[in-house]
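One-letter residues, chain by chain:
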Amino acid sequence: QVIGDPVSQPSTDLPTTDLVGREVELAYLGGWIRNVLAGRSRPLLVEGEPGIGKTTLLRAVRAEVLREGARALVITPIPSASSLGLGGLGAVVQQLRSLACGADADAVEPLYRALEDPSARANPLTLAGGLIALLAAAAEVEPIVLIVDDGQWLDHSSAEVLVAALRGLELDRVGLLVAVRSGDP
């Protein structure tokens, strides 16, 4: 099940080479990608039971994002790391750091410090501000699509920062796609 705001008709659908019976989802995701590329992005959630093909859909999205000349940042949290503070956020920032050379140093420095010392207390809104600065700087160069597979295993502190940074915020050319298992917290 793909959950999100309706999107405009896609100009082309995602390729269906390995996906059978997913035409509706592929068309929806294709439209969502085009909206991200056009600066009209909204976070999108893909939810479903284990084994129904969420990861395969995400791989199709990643391939299309790359074909369109955008950058796909993919993280896949694992259950054993879900209790590690800021682990997921660290994986995102590690991929963004080299892409966001023009980011506001005052905004990103607290984020970098918190990731270097996860035991340090940091205000989630300050960390979200640093993430926004990185995403905005990277998106000036090329559109960014952040893909989180198995989002139910993302550590709580990282999820807090991602939600704070991207909820209701319309960052031009930045998209967030999260896949989760139905029924998991």
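Residues numbered from 1 in each chain as written. Predicted model: local features only at pLDDT ≥ 70, side-chain atom pairs only at ≥ 80, totals over all residues. Heavy atoms only, no water.

(A) Region of the structure containing the overall build of the chain. Counting its regular elements, the chain contains 6 helices and 5 strands. Walking the chain from its N terminus toward its C terminus, one meets helices and strands in the order β-α-β-α-β-α-α-α-β-α-β. Scored against the burial criterion, the 185 residues of the chain give a buried share of 44%. Considering only intrachain contacts with a sequence separation of at least 6, the fraction spanning at least 24 residues in the chain is 77%. As presented, the chain carries roughly 9300 Å² of accessible surface, and 52% of it is formed by carbon and sulfur atoms. (Helix = DSSP H or I, 4+ residues; strand = E, 2+ residues; numbered from the N terminus. Buried < 20%, exposed > 50% of the residue type's maximum accessible area, 1.4 Å probe, protein only. Contact = heavy atoms within 4.5 Å. Areas by Shrake-Rupley, 256 points an atom, 1.4 Å probe, with all protein chains shown as cover.)

(B) Region of interest: helix 1 (residues 23-37). Between its first and last C-alpha, helix 1 extends 21 Å over 15 residues, near the 21 Å set by a 1.5 Å rise per residue. Within helix 1, 11 of the 15 residues are buried, leaving the element largely enclosed by the surrounding structure. Considered for burial, the residues of helix 1 that qualify are E25, L26, Y28, L29, G30, G31, W32, I33, R34, N35 and V36. (Expected span 1.5 Å × (residues − 1).)

(C) Local environment of the packing of aromatic side chains. Summed over the entire model, instances satisfying the criterion amount to 0 aromatic pairs. The ring of Y112 carries R97 above its face, with NZ or CZ at 3.6 Å from the centroid. (Phe/Tyr/Trp six-rings, centres within 6.5 Å; stacked < 30°, edge-to-face > 60°. Lys NZ or Arg CZ within 6 Å of the ring centre and 35° of its normal.)

(D) Structural detail: the nonpolar core. Within the largest apolar cluster, 35 residues are counted, with the highest numbers of intra-cluster contacts made by L89, L96, L131, L134, L135, I144 and L146. Breaking this core down by element, the ones donating at least two residues are strand 3 (71-75), helix 3 (87-97), helix 4 (105-116), helix 5 (124-141), strand 4 (144-148), helix 6 (156-166) and strand 5 (174-181). The dominant element in this core, judged by the number of residues it contributes, is helix 5, at 9 residues. Not counting residues up to four positions away in its chain, the partners in contact with L131 are L89, V92, L96, L111, V161, L162 and A165. (Core = buried A, V, L, I, M, F, W, Y, C linked by side-chain atoms within 4.5 Å.)

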